[in-house]
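Given next are the chains, with one letter for each unit.
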Amino acid sequence: MTTHSKNDLLTDDHITPIDFESIDGFPESHSWPQFDESLNKIQTHDLKDSLIPVIDLASPNAKTLISQACETWGVFQVVNHGVPFELVKKVESESRRLFALTTHEKCKVLRSVDGATGYGSPKLSPFFDKRMWHEGFTIMGSCVDDAKVLWPHEYQRFW
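Everything in this summary refers to the structure shown in the same document. What you are looking at is a predicted structure, and each value in this text was computed from that prediction instead of being measured.

1. Considering the overall build of the chain
Item 1. A count of helical and extended segments in the chain gives six helices and four strands.
Item 2. Ordering the α and β elements of the chain from the N terminus gives α-α-β-α-β-α-α-β-β-α.
Item 3. Out of the 159 residues belonging to the chain, those deemed buried represent 27%.
Item 4. Taking as baseline every contact in the chain between residues at least 6 positions apart, the subset at least 24 positions apart corresponds to 50%.
Item 5. Taken as a whole, the chain presents about 11,000 Å² of accessible surface, with 57% of it coming from carbon and sulfur.

2. Quick look at unusual backbone geometry
Item 1. Positive phi, close to 60 degrees, is recorded for Asn80, a residue that is not glycine.
Item 2. In this structure, Asn80 sits in the loop between strand S2 (77–79) and helix H4 (85–99).
Item 3. Look at Asn80 and you get exposed, because its relative accessible area is 54%.

Here is what the cut-offs are and how they apply
Residue positions are given per chain, counting from 1 as you read along its sequence in written order. In keeping with the predicted nature of the model, local features appear solely for residues at pLDDT of at least 70, side-chain atom pairs appear and are counted solely at 80 or more, and the whole-chain, interface and lining totals rest on all residues. Just so you know, side-chain values use all the structure's heavy atoms and leave hydrogens and water out. Comment: elements are numbered from the N terminus, with helices defined as DSSP H or I runs of at least four residues and strands as E runs of at least two. To sort residues, take the accessible area from a 1.4 Å probe on protein chains only and compare it with the maximum for the residue type: under 20% means buried, over 50% means exposed, and anything in between is partly exposed. Contact between two residues is taken to exist if any of their heavy atoms lie within 4.5 Å; hydrogens are not considered. The Shrake-Rupley method, run with a 1.4 Å probe, gives the accessible areas here. Residue values count only the displayed protein chains as cover.

What follows is the structure in structure tokens.
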């Protein structure tokens, strides 16, 4: 891992995700080394061979499993979270709608260098030598202002 100073971490290069529509080959900037197979699987509540940990929040050891998943993977899925199924479906639908936009359109709401919300790569990206095969949209509070930019005539569903 490369050591970075605070000043060289926050650049537009570290915020803007790869434009999947314009690449015609495998960029070296995104070529990560292969890891030990044992890191690809961790034991979760009932799904011992799960690639991404699935954690049952009703489990008495959920806290330990979340900690293990964060340390091993940095990501996990939760079940028995109490979020209504219809709300989950609406969020999934809007996420598909957002990520179906062209990179040019999504970049209209690109997270600023000193910002925390909007479209872009994760804030931890500058800490690694290689770029991430990732694009994301971070929301804290309301995303209605970004929705107005992306869908000026259809943003009311975000109120």
